[in-house]
Amino acid sequence: MTTTKAVVINQYGGKEQLTDATVTLPELFAHQVLVKVKATSVNPIDWKLREGYLQQMMPWEFPIILGWDVAGIIEEVGSQVSDWKVGDWVAARPDTTRFGTYAEHTIVDDHLLAKLPEEVSFKDAGALPLAGLTAYQALFTHGKLRAGQKVLIHAGAGGVGTYAIQLAKEAGAYVITTASPKNHQLLKELGADEVIDYHTTDFETTLSEIDLVLDTMAGEVQRKSITVLKPEGRLISILSIDEDPRIQKKGIHAEAIWLKPNGEELASLVKLMAEKKLKSVIGAEFPLNQAGIYAAHELSETHHAVGKIVLVAETESNAGSVAKF
């Protein structure tokens, strides 16, 4: 078993519950690897779980290590791991367990790994897995997006939104998104064909015949999204679907999704990143320690962070891999 330094919670609550600890990780199963964490990121699931909102879904024992993105270096492999070796640079969205990635080391099932080429930094890769896979699965696995279709992506400047805009554009879709004016130029550079200022423009009255809506907001935004969808359009939410008689009346496919970690899909996203067809928009960077994670949670909870919030292993642990940052 490996003993590792980590930032944990020992009970549910506010950011003050994030504390330093030394944790003994479980023994590696046959198809698992131990990864030295070089970068991870903060996603809303992190602080929602910290607050206790997900405790019925995930009734874990304490201490809990939060964080479910990782980019790093393999330090140990399980007895039946054949495609990976010690020293490989990898990224992953590990399974959601209480042994997360706010730590010096984390455990990942080998089928969830994606190899990192030299062109992709630990920082960019550490931002990618959870939000990038969510965007990919929402658009294509569930949204069935095809070239030439019109997609409306809400909150385009967020973590999921920034990846979704790029992926939809790469697939040949016509991309519409909503954002504050300060982020309009960024989103156009990412590939958005139209950017709507949600402060001044009601998209419900200006859009129509949308093939797919990627809903990251729920509530009133979701209600208005039903209006702009074409008959038999698709409404994919990363939160929940509210009951609305128009869904059935218009023949809309409405679905709330939960990300499924997938190493092959992540590898395809990393390949796009290496080819400069996809990038991580990193709005803030903090050190991977208690103070850095506290500040990162504080920013994430405002719902106004641009792109991803990344946590990077402290400088002294980066020796030998500086070029990857």
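We now turn to the structure provided with this report. Source: prediction; values computed, not measured.

**Comments concerning the side chain of Glu204**
The residue Glu204 is located in helix H6 (residues 203–206) in this model. Looking at Glu204, its side chain comes within polar contact range of the side chain of Thr227, at 2.8 Å. Excluding residues that lie within four positions of it along the chain, Glu204 makes contacts with Arg223, Lys224, Thr227 and Val228.

**Side note on the sheet that holds strand S4 (residues 64–65)**
Read from one edge to the other, the open sheet built from three strands follows the order S2-S1-S4, with strand pairing classed as antiparallel. Among the strands making up the open sheet, the edge pair consists of strand S2 (19–24) and S4. With two bridges joining them, strand S1 (residues 3–9) and S4 adopt antiparallel strand pairing. The residue of S4 that forms the bridge with Ile9 is Ile64.

**Structural notes on the pattern of salt bridges**
Within the structure shown, the criterion is met by 15 salt bridges. Taking the shortest distance from any N to any O, the salt bridge between Lys308 and Asp69 comes out at 3.6 Å. In this pair, Lys308 sits in strand S16 (residues 308–312) while Asp69 sits in the loop between S4 and strand S5 (70–77), placing the two residues 239 residues apart along the sequence. Among the salt bridges present, the one from Asp193 reaches Lys169, with a minimum N-O distance of 2.8 Å. Residue Asp193 is located in the loop between helix H5 (184–190) and strand S11 (194–197), and its partner Lys169 is located in helix H4 (residues 159–170); the two are separated by 24 residues in the primary sequence. Linked through salt bridges whose partners overlap, the residues forming this network are Lys15, Arg50, Glu51 and Glu301.

**A few points about unusual backbone geometry**
Excluding glycine, residues mostly carry a negative phi; peptide bonds, for their part, are mostly trans. The linkage connecting Phe62 with the following residue, Pro63, adopts the cis geometry, with an omega of 0°. Non-glycine residue Ala155 carries a positive phi angle of around 55°. Phi angles above zero are rare outside glycine, and His303 is one such case at about 65°. For His303, the position within the fold is in the loop between helix H10 (290–300) and S16. Relative accessible area serves as the criterion here: at 60%, His303 is assigned to the exposed category.

**Focus: the sheet that holds strand S12 (residues 210–215)**
The parallel open sheet is built from six strands, whose spatial order is S11-S10-S9-S12-S13-S14. Since the sheet does not close on itself, it has two edges, and those belong to S11 and strand S14 (253–256), each with one partner. Strand-to-strand, the axes of this sheet are offset by a mean angle of 15°, without reference to chain direction. Strand direction decides the pairing type here: strand S13 (residues 229–237) and S14, joined by four bridges, are parallel. Along S14, the bridge assignment pairs Ile236 with Glu255. Packing of helix H7 (residues 219–228) onto the sheet brings it into contact with strand S9 (150–153), S12 and S13, and relative to S13 it is tilted by some 150°.

**A short note on the pairing of strand S6 (residues 89–92)**
Bridge count for S5 against S6 is four bridges, and the pairing is antiparallel. Within S6, the position partnered with Gly72 by the bridge is Val90. Bridge count between S6 and strand S8 (residues 113–115): three bridges; the pairing is antiparallel. Looking at S8, one finds that Ala91 is bridged to Ala114.

Each value, and the rule that gives it
Residues numbered from 1 in each chain as written. Predicted model: local features only at pLDDT ≥ 70, side-chain atom pairs only at ≥ 80, totals over all residues. Heavy atoms only, no water. Helix = DSSP H or I, 4+ residues; strand = E, 2+ residues; numbered from the N terminus. Polar contact = N/O pair within 3.5 Å; in protein donor to acceptor, adjacent residues only side chain to side chain. Contact = heavy atoms within 4.5 Å. Pairing = 2+ DSSP bridges. Salt bridge = Lys/Arg side-chain N within 4 Å of Asp/Glu carboxyl O. Buried < 20%, exposed > 50% of the residue type's maximum accessible area, 1.4 Å probe, protein only. Axes fitted to C-alpha atoms, helices over the stretch in contact; angles between N-to-C directions.

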